[in-house]
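This is what each chain is made of:
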Amino acid sequence: PFDIATGGLPFGRLVEIFGLEDSGKTALVKRAGLRAFLKNIYQRVVTSDERGVKKVSYERLDPNTYDVVVAYIDNEQSFDDDNSLVVEGKNVDFILGRIDTINQVFKACEQTVHEMKEIEKETGRPQFVVFILDSLASTSSEQEMDQEWGTEDYSRMPKQLRQGFRKLVRYINRFNVLFIVTNQVSDSFVKQKQKNPNAMPDDSAFSSSGGRACKYYASQWIFVQRTPYKFKMVKGGEEDGFVTEILTAKNRLKKPRRK
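No experiment lies behind these values; they were computed from the predicted model shown.

A. Broad picture of the pattern of salt bridges. Enumeration according to the criterion identifies seven salt bridges in this entry. Of the charged contacts, one joins glutamate 110 and lysine 167 as a salt bridge, the two residues approaching to 3.9 Å between their closest N and O atoms. Taken together, the residues glutamate 110 in helix H3 (residues 102-123) and lysine 167 in helix H5 (residues 157-174) connect sequence positions 57 residues apart. Glutamate 110 sits in the buried class, given a relative accessible area of 18%. Lysine 167 sits in the partly exposed class, given a relative accessible area of 48%.

B. Representation of H3 within the structure. If you check H3, its first and last C-alpha atoms are 32 Å apart, about what 22 residues at 1.5 Å a residue would give, namely 32 Å. Of the residues making up H3, those classed as buried are Ile102, Val105, Phe106, Cys109, Glu110, Thr112, Val113 and Met116. In an axial view of H3, the angular spread of the buried residues amounts to 160°, which keeps them on one side of the axis. Exposed positions of H3 whose direction lies more than 90 degrees from the buried face are Lys107, Lys121 and Glu122. Those residues of H3 that are buried are in contact with strand E4 (67-74), strand E8 (127-134), H5 and strand E9 (177-184).

C. Main features of helix H2 (residues 25-37). When the terminal C-alpha atoms of H2 are compared, their 18 Å separation across 13 residues agrees well with the 18 Å that a helix rising 1.5 Å per residue should span. A positive backbone phi angle near 60° is found at lysine 39, which sits one or two residues after H2.

D. Region of the structure containing the packing of H3 against H5. Running from amino to carboxyl end, H3 crosses H5 at an angle of 5°, the nearest separation of the two axes being 10 Å. Between H3 and H5, the interaxial angle falls into the category roughly parallel. Across the interface between the two elements, Ile102, Asn103, Phe106, Cys109, Glu110, Val113 and His114 from H3 touch Gln160, Leu161, Gly164, Phe165, Lys167, Leu168 and Tyr171 from H5. Partitioned by chemical class, the residues of the contact of H3 with H5 number eight nonpolar, four polar and two charged.

E. Examining the nonpolar core more closely. Ranked by internal contacts, the top residues of the largest apolar core, which has 28 residues, are Leu136, Leu161, Phe165 and Phe179. Mapped onto this core, the elements with two or more residues apiece are E4, H3, E8, H5, E9 and helix H7 (213-217). Discounting residues that sit within four places of it in the chain, phenylalanine 165 has contacts with Leu14, Phe106, Phe179, Cys214 and Tyr217. The next biggest cluster of nonpolar side chains, apart from the first, holds 21 residues, and it includes Val29, Leu85, Val92 and Ile180.

F. Spotlight on the environment of proline 228. Following the sequence through the fold, proline 228 ends up in strand E10 (residues 220-232). Judged by its relative accessible area of 59%, proline 228 falls in the exposed class. As a C-alpha pair, proline 228 and threonine 244 span 16 residues in sequence and 9.2 Å in three-dimensional space.

G. Seen up close, a nonpolar patch on the surface. Together, Tyr42, Val46, Val56 and Tyr58 make up a nonpolar patch on the protein surface, roughly 360 Å² of accessible area in all. Contributions of two or more residues to the nonpolar patch are made by strand E2 (42-48) and strand E3 (54-60). Its place among the elements puts valine 46 in strand E2. Since its relative accessible area comes to 44%, valine 46 is described here as partly exposed.

Each value, and the rule that gives it
Residues numbered from 1 in each chain as written. Predicted model: local features only at pLDDT ≥ 70, side-chain atom pairs only at ≥ 80, totals over all residues. Heavy atoms only, no water. Salt bridge = Lys/Arg side-chain N within 4 Å of Asp/Glu carboxyl O. Helix = DSSP H or I, 4+ residues; strand = E, 2+ residues; numbered from the N terminus. Buried < 20%, exposed > 50% of the residue type's maximum accessible area, 1.4 Å probe, protein only. Expected span 1.5 Å × (residues − 1). Arc of directions from axis to C-beta. Contact = heavy atoms within 4.5 Å. Axes fitted to C-alpha atoms, helices over the stretch in contact; angles between N-to-C directions. Parallel < 35°, antiparallel > 145°, perpendicular 65-115°, else oblique. Nonpolar A, V, L, I, M, F, W, Y, C, P; charged D, E, K, R; others polar. Core = buried A, V, L, I, M, F, W, Y, C linked by side-chain atoms within 4.5 Å. Patch = residues over 30% accessible without salt bridge, like charges linked within 9 Å, V, L, I, M, F, W, Y side chains within 5 Å. Areas by Shrake-Rupley, 256 points an atom, 1.4 Å probe, with all protein chains shown as cover.

The values are spatial; any link to function lies outside them.
Encoded structure:
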């Protein structure tokens, strides 16, 4: 359902997944990393019929012809400290790390791309990189790390993000890199909810860390939230599940504003 609504997560692009807490953002990017690790990568094919009507289809690449590396910046501490990575019951081999500042994140991604580019030259095999930052809200600027406790200062992260993405987006576009950023929204929906108790908020009701830099450079800007509807995973069981609403607030692959 996610792929149908969004057109899939594109290589050569930046994707931001933002939303409320406990809405499934980390679970979503873990699954994306798992699918890449299992080499479920597809090529977008555009064809035209006799009338000139374009049709888009997807063909899975031969998993024996390329390599994939998944780098996961775990600033939310979603994985165990012993680096045991188990996603959906499968042991996965991600490059796992925790990075303090946004500039260090950019340097780490650039270094990873350069190393994979050298491997591609040596082996002649295409190299795919999935670089996941989870999350932007848990990543600081260098100035924040050096400040004394209680010091008030303006946020420098939006400027650093714009500067970093202006440089990094060229590497992302030129090579087979998928850069995924998760982000936490910070504003409350209490006032709007009081007007209409049955209404669900949308992306315009919130703001996220780092300003609008990610939105500008992202090819997909995806808003995620929990709905008030619950269900049982197993009939008669005790385990609860919940429905997640995903809105493509911006999308360069398919029509935006799809849920």
